[in-house]
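# Observations on the three-dimensional arrangement
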Amino acid sequence: MTTATTTPLLRLALRLDAVVTGANGLAYLLLSGPVNDLLGLAVPLQRGVGVFLLVYGVAVWLLTVPRVVNRGAAAAVVALNVVWAVVSVAELALGGLGTTTLGAVWVVAQALVVGGFAALQYVALRRER
């Protein structure tokens, strides 16, 4: 008899995403003034994004708690990460964020990290077939 489990790679990819996302959200909430000064991201935007990222990070972590990770939910995380990365760069390109030069670099770097999580999670999901 075989029992269903989730590969360590998928669980790790989701948990890394959850921790980095949650930490980012917490930083946006607790350090909104200094982050605004450094990156030029508006404080209300940071606080809204910070709350979203904290909730999203917790939700992604909770997805990893059961012995078997729900594949549909994991696929949704991949899709949301891709959307986040693309929309971040598009919004930056359209000038809607009003960032400093360092802020623009931060947005691109963050989009690359999120895109990297999406790619790793996608590969892990494919290995689970």
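Note that the structure is predicted; figures quoted are calculated from it, not measured. (Residues numbered from 1 in each chain as written. Predicted model: local features only at pLDDT ≥ 70, side-chain atom pairs only at ≥ 80, totals over all residues. Heavy atoms only, no water.)

Assigned secondary structure in the protein consists of 5 helices and 0 strands. Secondary structure elements in the protein, listed N-terminal to C-terminal, are α-α-α-α-α. If you line up the protein on its principal axes, its C-alpha atoms span 60 × 25 × 15 Å. When contacts within the protein are restricted to residue pairs at least 6 apart in sequence, long-range pairs at least 24 apart make up 75% of them. By element, 74% of the accessible surface of the protein is carried by carbon and sulfur atoms, the whole surface being about 7300 Å². With 8 positive and 4 negative side-chain charges, the protein shows a spacing of 17 Å between the two charge centroids. (Helix = DSSP H or I, 4+ residues; strand = E, 2+ residues; numbered from the N terminus. Contact = heavy atoms within 4.5 Å. Areas by Shrake-Rupley, 256 points an atom, 1.4 Å probe, with all protein chains shown as cover. Lys, Arg positive; Asp, Glu negative; His and termini not counted. Charge placed at Lys NZ, Arg CZ, Asp CG, Glu CD.)

Looking at the element boundaries, Thr-21 is found in helix α1 (residues 8-30). A polar side-chain atom of Thr-21 sits 2.7 Å from the main-chain carbonyl oxygen of Asp-17. Setting aside chain neighbours within four positions, we find Thr-21 in contact with Leu-53, Tyr-56 and Gly-57. (Polar contact = N/O pair within 3.5 Å; in protein donor to acceptor, adjacent residues only side chain to side chain.)

Turning to the environment of Leu-10, a few remarks are in order. By the element assignment, Leu-10 lies in helix α1. Beyond its immediate stretch of four places on either side in the chain, Leu-10 contacts Val-69, Ala-74, Gln-121, Ala-124, Leu-125 and Glu-128.

With that settled, consider a nonpolar patch on the surface. Among the surface-exposed residues, Val-19, Val-58, Trp-61, Leu-62 and Val-65 lie close enough to one another that they form a single nonpolar patch of about 470 Å² accessible area. Here the nonpolar patch gets 3 residues from one element, more than from any other, and that element is helix α3 (residues 43-63). Its location among the elements puts Trp-61 in helix α3. Using a relative accessible area of 36% as the deciding quantity, one classes Trp-61 as partly exposed. (Patch = residues over 30% accessible without salt bridge, like charges linked within 9 Å, V, L, I, M, F, W, Y side chains within 5 Å. Salt bridge = Lys/Arg side-chain N within 4 Å of Asp/Glu carboxyl O. Buried < 20%, exposed > 50% of the residue type's maximum accessible area, 1.4 Å probe, protein only.)

Another point: the side chain of Gln-110. Examined against the element boundaries, Gln-110 turns out to sit in helix α5 (residues 101-127). The class of Gln-110 is buried, set by a relative accessible area of 12%. If we skip the residues at most four places from it in the chain, Gln-110 touches Asn-24, Tyr-28, Leu-53 and Trp-84.

A few words on the packing of aromatic side chains. Within the structure shown, the criterion is met by 2 aromatic pairs. Here the aromatic cluster, defined as three or more aromatic residues joined through ring pairs, consists of Phe-52, Tyr-56 and Trp-84. The ring of Trp-61 carries the charged tip of Arg-15 above its face, separated from the ring centre by 4.6 Å. (Phe/Tyr/Trp six-rings, centres within 6.5 Å; stacked < 30°, edge-to-face > 60°. Lys NZ or Arg CZ within 6 Å of the ring centre and 35° of its normal.)

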